[in-house]
Structure formats: C-alpha cells, structure tokens
Amino acid sequence: MSDQCTQVIHKQEGGQDIVKIYDASGIDTLTGTWPVNAERTPLESAVDALWSGYFEVQDRRHLFGKYPVAVVSNVSGAVDQFVKEFEGEESA
C-alpha cells in the first residue's frame, strides 16, 4: 500500500486564506490566495478554502492521479468540520 497522497494545505495568515496543493511526489503544484471571507467566521472561511482546494484536485485528476487527498489547516477545527461535511456528502 502506498503512502502517497495529494495534499491540500491551508493556512490563514495576514487576513488571507492560502491554499497550496502538493502532488503525490510532494511538488507544490497550485497555490491560491484570497482574503478571508468577512461574512463568515475564520473557521467557516477555512473550511470553504479546504473545499476549494479539494475541488481543484478533483477537477484536475488528470494531473494529480487517483491518490487519496489529505487536508491540513492551521485553523483549529477546520479539518474536523471539513471531514464532517465530506462524510455527509458521501452518505447523501
């Protein structure tokens, strides 16, 4: 079993949501930066950013391959909330 995965790494810094996507070999492939959504809490904005990164990977499966996707955030609770929402989507 391979330990390789595509990584969606998020951080909030200086009022910005920053998402970096690394392919299975660890190469920084895509980076997105935009202001934290002022109409949402920092946690909600972080979860939205993780979803954005996840969907970028899905839209570019031809580039990333069919590796599992790992998500990471420096915002407390963001990954747990993302997983909860993801699991809700999977069961729908």
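Residues numbered from 1 in each chain as written. Predicted model: local features only at pLDDT ≥ 70, side-chain atom pairs only at ≥ 80, totals over all residues. Heavy atoms only, no water.

1. Some points on the overall build of the chain
Secondary structure assignment for the chain yields three helices and four strands. Counting helices and strands in the order they occur from the N terminus, the chain gives β-β-β-α-α-β-α. For 92 residues, the compact-globule estimate of 2.2 N^0.38 gives 12 Å, and the chain sits close to it at 13 Å. With respect to the three principal axes, the spread of C-alpha positions in the chain is 40 × 30 × 20 Å. Across the 92 residues that make up the chain, the buried fraction comes to 29%. Restricting the contact set of the chain to residue pairs at least 6 apart, pairs at least 24 apart contribute 50%. Surface exposure of the chain reaches about 5,800 Å², of which carbon and sulfur atoms provide 51%. Computing the positive centroid from 7 side-chain charges and the negative centroid from 15, the chain places the two 4 Å apart. (Helix = DSSP H or I, 4+ residues; strand = E, 2+ residues; numbered from the N terminus. Rg over C-alpha atoms; globule rule 2.2 N^0.38 Å. Buried < 20%, exposed > 50% of the residue type's maximum accessible area, 1.4 Å probe, protein only. Contact = heavy atoms within 4.5 Å. Areas by Shrake-Rupley, 256 points an atom, 1.4 Å probe, with all protein chains shown as cover. Lys, Arg positive; Asp, Glu negative; His and termini not counted. Charge placed at Lys NZ, Arg CZ, Asp CG, Glu CD.)

2. Some words on the nonpolar core
If you look at the biggest cluster of nonpolar residues, it comprises 15 residues, and the most contacted ones within it are Val8, Ile21, Leu50, Ala78 and Phe82. Counting residues per element, the ones that place at least two in this core are strand S2 (16-22), helix H1 (42-59) and helix H3 (78-91). No other element matches H1, which puts seven residues into this core. If sequence neighbours within four positions are ignored, leucine 50 has contacts with Val8, His10, Val71, Val72, Ser73, Ala78, Val79 and Phe82. (Core = buried A, V, L, I, M, F, W, Y, C linked by side-chain atoms within 4.5 Å.)

3. Concerning the sheet that holds S2
Within the open sheet, the four strands sit side by side as S3-S2-S1-S4. Their pairing is mixed. Strands at the two margins of the open sheet, each flanked by one partner only, are strand S3 (28-35) and strand S4 (69-73). Neighbouring strand axes in the sheet, compared pairwise and without regard to direction, differ in orientation by 15° on average. The pairing of strand S1 (residues 6-13) with S4 spans five bridges and is parallel. What sits directly across from histidine 10, in S4, is serine 73. (Pairing = 2+ DSSP bridges. Axes fitted to C-alpha atoms, helices over the stretch in contact; angles between N-to-C directions.)

4. Re the side chain of histidine 10
Relative to the assigned elements, histidine 10 resides in strand S1. Polar contacts involving the side chain of histidine 10 include one to the side chain of aspartate 17, which spans 2.7 Å. Residue contacts for histidine 10: discarding those within four places in its chain leaves Asp17, Ile18, Val19, Ala46, Ala49, Leu50, Val72, Ser73, Asn74 and Val75. (Polar contact = N/O pair within 3.5 Å; in protein donor to acceptor, adjacent residues only side chain to side chain.)

5. A short note on the environment of proline 35
If you trace the backbone, proline 35 turns up in strand S3. The sequence separation of proline 35 and glutamine 16 amounts to 19 residues, and the corresponding C-alpha distance is 4.3 Å. Setting aside residues up to four positions removed in sequence, proline 35 forms contacts with Gly15, Gln16 and Asp17.

Such coordinate-based values are descriptive only and should not be taken to indicate function.
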